[in-house]
Structures are given as structure tokens and as C-alpha cells.
Amino acid sequence: MTLPPGQRAVDGFPRFGTHLHHPPPPVPAEPVIAIGGALAKGVSLTMGDRAELPRRELGADFHCVAGWSATGLLWEGVAFEAVYRTHVVPLLAPDTVISHVVFEGLDGYRSVALLEDARAEDVLIADRLDGRPLDGDHGAPLRLVSPSQYGFISTKHLCRMEFHTSAPPDPDRWSPIAAHQRGRVWREERHRHLPGRVVRPVYRGLIGPIRALSARGSRPRPR
């Protein structure tokens, strides 16, 4: 098994993040994804809308920017490209050129991706993992899955997508731990300003404390 530079395989798939000491947000009875931004009008992607799109299975590893990788995962859902083509493109004015997408979760987390990265063939809006519906630890009811980018792009509990014609404001631009704007794993784009190999030791040192903190908010899986 070949992993991207600086990554180490771990057992299982731990809950991990900067604010995950909080429990996962409640799952709505009818999950929808609001779609807005530089469009003629805002719309919602409903369960019925997703059911009309082709479903895909994707075997892909998950790579955390901190340096661990969960391997051999099987995701299921619909391709982001299919959603974009069928539900966003018809709402664009002829002269509108989308460059960025903001993904937002029910927990308030937001990630920003270049449209060209989001439209990659392996990017899914997933609702199942390893043959089961997503649980709260891993993004129920829906999450973005972008295997070629570090996990901070793959927003959990996805509830909104905004489409922009230029880069949206970046409050973390000058943060000492500012994440890279693209986060491509095979280029080791971990940090906004520093080479990935330089920040590896720092990030790895944070794995234990963050994993322990994240576990506090974890909800046991049903048996």
C-alpha cells in the first residue's frame, strides 16, 4: 500500500477535528442541501433530487492533514459533478464563471475549494460508508468526500453549498496554522505558507490530544 508523502496508516477511522469535542449535530428528518451564491436563485437539493442522480461507489482512503490515513474505505453517494451539472449550471447567467465553492456543515464548519478540484471525478456527496449510513462521527446525514485532498476540505454534515466567482473572504489567512488553500495530498499541501515536510512533526504531535478531545463528543455506533 502506497500512501501520500508524510502519511501513516491507522487502525479504524477515528473521529477527528478542531471542534469535535461537541457531539454531532442532530440529523434532520428530511436532509436537504441549500445551494446559493452567484446563481439566478437559491435552490435546495432534496432527497428526491439526489435519488434521481446516478449513485456511485468509491473505494478511497481518507488522509488527515495531521498525518494519519484511514485506508480501505468504501463510500457511496452521488458525484458532486452530477449535482453541479444538473442543479447549478442551469441557474448560471451566461457570463458567470464560478471559481470557488464554499461547503458548510450543520455544525457550522466551512471549507473552501476551487471549483476545478470539486469537479474531480472522485468527489462525492456521500451518505454511506462501508455499507452503512453515515453515523454522526463521520458526517451524517451527508458529507463531502474529496480523496485527493486532506480531510479538512471534506466537510461533514453537509447542508449548504455556495458558488462564488472569486475567492471568498479568508478569516484564517494569517493564522499560524492556516491550512493550504487546495490541500492536495500528493503534493503535501498542508500549510498555507510552509512546506508540508516542515510542519509534519508539529501536526503529528497534535494527533493524540485532538483525537482524545474529539472522542469526548463521539456517539457510540448502534449495534
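Bear in mind the structure is a predicted one, so any value in this text is a computation, not a measurement.

Parameters at a glance
Residues numbered from 1 in each chain as written. Predicted model: local features only at pLDDT ≥ 70, side-chain atom pairs only at ≥ 80, totals over all residues. Heavy atoms only, no water. 1 Å grid on protein atoms, 1.4 Å probe; cavity = no way out; pocket = protein on both sides within 12 Å on 5 of 7 lines; lining within 4 Å. Points joined across faces, edges and corners; volume = space filled by probe spheres on them. Helix = DSSP H or I, 4+ residues; strand = E, 2+ residues; numbered from the N terminus. Nonpolar A, V, L, I, M, F, W, Y, C, P; charged D, E, K, R; others polar. Pairing = 2+ DSSP bridges. Axes fitted to C-alpha atoms, helices over the stretch in contact; angles between N-to-C directions.

Participant: Whenever I open this one, empty space enclosed by the protein confuses me. Can you help?
Facilitator: Where empty space is left in the structure can be found by rolling a water-sized probe over the atoms. Per the stated rule, a full pass over the model turns up 1 cavity of 30 Å³ or more. By volume, the largest cavity is sized at about 50 Å³. Every residue along the wall of the largest cavity is listed here: Asp61, Phe62, His63, Trp75, Val145, Ser146, Pro147, Gln149 and Ser154. Examining the composition of the lining of the largest cavity, we find that 3 residues originate from one element, strand S4 (residues 55-63), more than from any other. Considered class by class, the residues forming the lining of the largest cavity number 4 nonpolar, 4 polar and 1 charged.

Participant: Honestly, the sheet that holds strand S3 (residues 43-45) in this entry has me stumped. Any pointers?
Facilitator: Sheet strands pair by backbone hydrogen bonding; their relative direction is either parallel or antiparallel. Pairing in this open sheet of 5 strands is mixed, and the strands run S3-S2-S11-S6-S7 from one edge to the other. Each end of this open sheet is capped by a strand with a single partner; those strands are S3 and strand S7 (110-114). Across the sheet, the mean angle from the axis of one strand to that of its neighbour is 25°, orientation sign disregarded. Across 6 bridges, strand S6 (residues 100-105) lies against strand S11 (residues 158-164) in antiparallel orientation.

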